[in-house]
Amino acid sequence: MDLTFTRSPLDHAGLFRGDPDWIDGLMADPSARVLALSGGAPLPGPDGAPLALTVPEAQARALPPGLVFLGLEDGAPWFAATVEGEALDFRRAAMTAPPGLAAIMGRARSMLMWHGRRRFCSNCGAENTVRDGGARLVCPSCGMEHFPRTDPSVIMLAHHGDRAVLGRQPGWPEGMYATLAGFMEPGETIEEACAREVFEETGLRVTAARYVASQPWPFPSSLMIGLIAEVADGAPVARDDLEDARWFTRAETRVLYEDVMARWAPPHFSVSRLLIETWLKM
Ligand SMILES: [Zn+2]
């Protein structure tokens with residue numbers, strides 16, 4: 001099964017969405033649906049699934065910035081809007097939604113949470129004007145353009161021979177350990193970010209790293225770049241945001257994967273699980 005939030009069915013229509021008349025035409029399309037979110041999470045519909053409104057229903061309830069265009073699914077327009085109401089738990093809703101809808105929900109959440117933080121220009125403080133169906137903001141005062149953010153993060157299964165080094169953060173369920181991860185910093189390659197994060201979190205030195213897969217991660221708008229990294233042998237020392245980091249044998253890793261992690265989330269929910277699964281098969 002594909003990773004959650006990947007393989008979105010949406011065509012973002014980047015060549016067309018700059019035309020306001022084209023967006024108006026989509027809003028008049030009877031097949032248009034609007035995902036209704038509150039605080040970045042979908043509201044429950046009558047059947048408990050994420051609520052999809054018609055355009056007129058959404059226009060009557062939408063808070064600023066109004067309807068944001070997400071893309072076309074087989075020609076049918078999808079929008080998202082922030083409305084008032086009690087939302088579902090986003091993680092739970094994404095775990096149980098059909099894969100295509102989960103990807104649409106992830107994009108909706110990232111876009112609306114970005115709009116929520118960028119209503120005013122970060123350069124001069126004037127109120128931004130929405131352009132391109134919500135894919136761009138322009139400041140009417142200083143002219144600065146603002147585009148939705150994606151924050152790249154590296155996430156890696158670090159190993160030395162038959163052992164993997166995994167870490168745990170404070171507050172996690174008992175026995176839970178996971179792959180190391182952290183945000184990339186300006187001026188780094190993906191491999192350099194991987195080496196820096198492993199060293200910061202465990203004190204171990206990466207000797208090689210290879211890319212495995214990536215996953216949009218709408219908390220609120222990251223891109224998880226998954227790698228398998230070889231590290232030099234040594235004793236890991238938990239640092240940075242970890243409360244513990246230690247070596248796991250393949251057998252211990254398999255137990256963690258099949259038992260502890262399985263209670264936390266389904267295997268397709270995070271690239272962390274895919275990296276562990278990939279290493280176990282190596
Ligand atoms: Zn400005």
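Here, every reference points to the structure presented above.
Residues numbered from 1 in each chain as written. Predicted model: local features only at pLDDT ≥ 70, side-chain atom pairs only at ≥ 80, totals over all residues. Heavy atoms only, no water.

1. Some words on the sheet that holds strand E8 (residues 145-146)
In plain terms, the rule: Note on pairing: two strands pair once DSSP finds at least 2 bridges between them. The numbering of helices and of strands both runs from the N terminus, where a helix is a DSSP run of H or I of at least 4 residues and a strand a run of E of at least 2.
What the 3 strands build is an open sheet, ordered E6-E7-E8; its pairing is antiparallel. Edge positions in the sheet fall to strand E6 (129-131) and E8, since each of these pairs with one other strand and no more. Examined bridge by bridge, strand E7 (residues 136-138) and E8 share 2 bridges and lie antiparallel to one another. In the sheet register, Val138 faces E8, and the bridge partner there is Glu145.

2. Let's talk about the pattern of salt bridges
Definition in use: Only one rule defines a salt bridge in this text: a Lys or Arg side-chain nitrogen within 4 Å of an Asp or Glu carboxyl oxygen. Only protein chains enter the calculation, and the probe is 1.4 Å; a residue is then buried if its accessible area is under 20% of its type maximum, exposed if over 50%, and partly exposed in between.
This structure, assessed with the given rule, holds 17 salt bridges. Where Arg119 meets Glu127, a salt bridge forms, and the shortest distance between an N and an O atom there is 2.9 Å. According to the relative accessible area criterion, Arg119 is partly exposed, its value standing at 40%. According to the relative accessible area criterion, Glu127 is partly exposed, its value standing at 41%. Connected via shared salt-bridge partners are Glu185, Glu188, Arg196, Glu197 and Glu200.

3. A look at the coordination of the zinc ion
Quick reminder of the rule: With water excluded from the atoms, a metal site may look incomplete; its donors are any N, O or S atoms within 2.8 Å, or within 3.2 Å for Na, K and Ca. A four-donor site is classed as tetrahedral when every donor-metal-donor angle falls between 85 and 135 degrees; four donors are called square planar, and six octahedral, when trans pairs exceed 155 degrees and all remaining angles lie between 65 and 115, with any other arrangement labelled irregular.
Protein coordination of the zinc ion is provided by Cys121 (SG), Cys124 (SG), Cys139 (SG) and Cys142 (SG), with donor distances spanning 2.2 to 2.4 Å. The site at the zinc ion holds 4 donor atoms, and with the angles between them running 98 to 116 degrees, its shape is tetrahedral. We note that the donor set of the zinc ion lies within a single chain, spaced as C-x2-C-x14-C-x2-C.

4. Looking at the nonpolar core
Test applied: Residues enter a nonpolar core if they are buried and are Ala, Val, Leu, Ile, Met, Phe, Trp, Tyr or Cys, with the set joined through side-chain atoms within 4.5 Å. Where each domain starts and ends follows an automatic or database-derived domain assignment. The contact rule is simple, with two residues in contact once any of their heavy atoms fall within 4.5 Å.
If you look at the biggest cluster of nonpolar residues, it comprises 44 residues, and the most contacted ones within it are Leu70 and Leu157. With 6 residues, the single largest contributor to this core is helix H4 (residues 99-117). Of the residues that make up this core, three or more belong to each of domain 1 (20-119) and domain 2 (151-280). What Leu70 contacts, discounting residues up to four positions off in sequence, is Leu10, His12, Trp78, Phe79, Ala80, Ile104, Arg107, Ala108 and Met111.

5. Thoughts on the layout of surface pockets
To find leftover empty space, a probe the size of one water molecule is rolled over the atoms. Our working definition: Detection works on a 1 Å grid of protein atoms alone, calling trapped sets that fit a 1.4 Å probe cavities and calling open sets with protein on both sides within 12 Å along at least five of seven lines pockets, with lining residues defined by an atom within 4 Å of a point. Grid points are joined across faces, edges and corners, and a volume is the space filled by probe spheres set on the points. In the scheme used here, Gly and all other residues not listed as nonpolar or charged are polar, with Ala, Val, Leu, Ile, Met, Phe, Trp, Tyr, Cys and Pro taken as nonpolar and Asp, Glu, Lys and Arg as charged.
In this structure, the largest pocket occupies an estimated 710 Å³ of space. Along its surface, the largest pocket is lined by 31 residues, and Gln169, Trp172, Ala181, Trp217 and Met224 are the ones closest to its centre. Of all the secondary structure elements, the ones that give two or more residues to the lining of the largest pocket are strand E9 (151-160), strand E11 (180-183), strand E12 (206-217), strand E13 (222-231), helix H6 (250-264) and helix H7 (271-280). The element best represented in the lining of the largest pocket is E11, accounting for 4 residues. Tallied by class, residues from the lining of the largest pocket come to 17 nonpolar, 9 polar and 5 charged. When its volume is computed, the second largest pocket comes out at roughly 360 Å³. Sorting the residues of the lining of the second largest pocket by element identifies H4, E12 and E13 as the ones contributing at least two each. No other element matches the 6 residues that H4 contributes to the lining of the second largest pocket.

6. Structural notes on the pairing of E13
Counting buried residues in E13 gives 8 out of 10 residues, a clear majority hidden from the surface. In this structure, E9 lies alongside E13, joined through 9 bridges in parallel fashion. Along E13, the bridge assignment pairs His159 with Glu230. Between the antiparallel neighbours E12 and E13 lie 4 residues.

7. Some details on the packing of H6 against H7
Definition in use: Each axis is a line fitted through C-alpha atoms, taken for helices only over the stretch in contact, and angles between the N-to-C directions span 0 to 180 degrees. Crossing handedness is read from the near helix: turned anticlockwise from the far helix by less than a right angle, it gives a left-handed crossing, and turned clockwise, a right-handed one.
Contact pair H6 / H7: the axes reach a minimum separation of 10 Å and the direction vectors enclose 145 degrees. As H6 packs across H7, the resulting crossing turns out to be left-handed. Seen from H6, the contacting residues are Arg250, Thr253, Arg254, Tyr257, Met261 and Ala262; seen from H7, they are Ser272, Arg273, Ile276, Glu277, Trp279 and Leu280. Split into classes, the residues belonging to the contact of H6 with H7 amount to 6 nonpolar, 2 polar and 4 charged.

8. Structural notes on the packing of aromatic side chains
Inclusion rule: Pairing of aromatic side chains requires ring centres within 6.5 Å, counting the rings of Phe and Tyr and the six-membered ring of Trp. Pairs whose planes differ by under 30 degrees are stacked, by over 60 edge-to-face, and all others tilted.
Using the criterion set out here, one finds 12 aromatic pairs in the structure. Here Phe5 and Trp217 contribute two aromatic rings whose centre-to-centre distance is 6.0 Å and whose plane-to-plane angle is 80 degrees, an arrangement assigned as edge-to-face. Taken together, the positions of Phe5 in the segment before helix H1 (20-27) and Trp217 in strand E12 put the pair 212 residues apart, joining distant regions of the chain. With respect to burial, Phe5 and Trp217 carry one shared label: buried. Here the aromatic residues Phe5, Phe90, Trp217, Phe219 and Phe269 are joined through ring pairs into a cluster of three or more.

That's the geometry; what it means functionally is another story.
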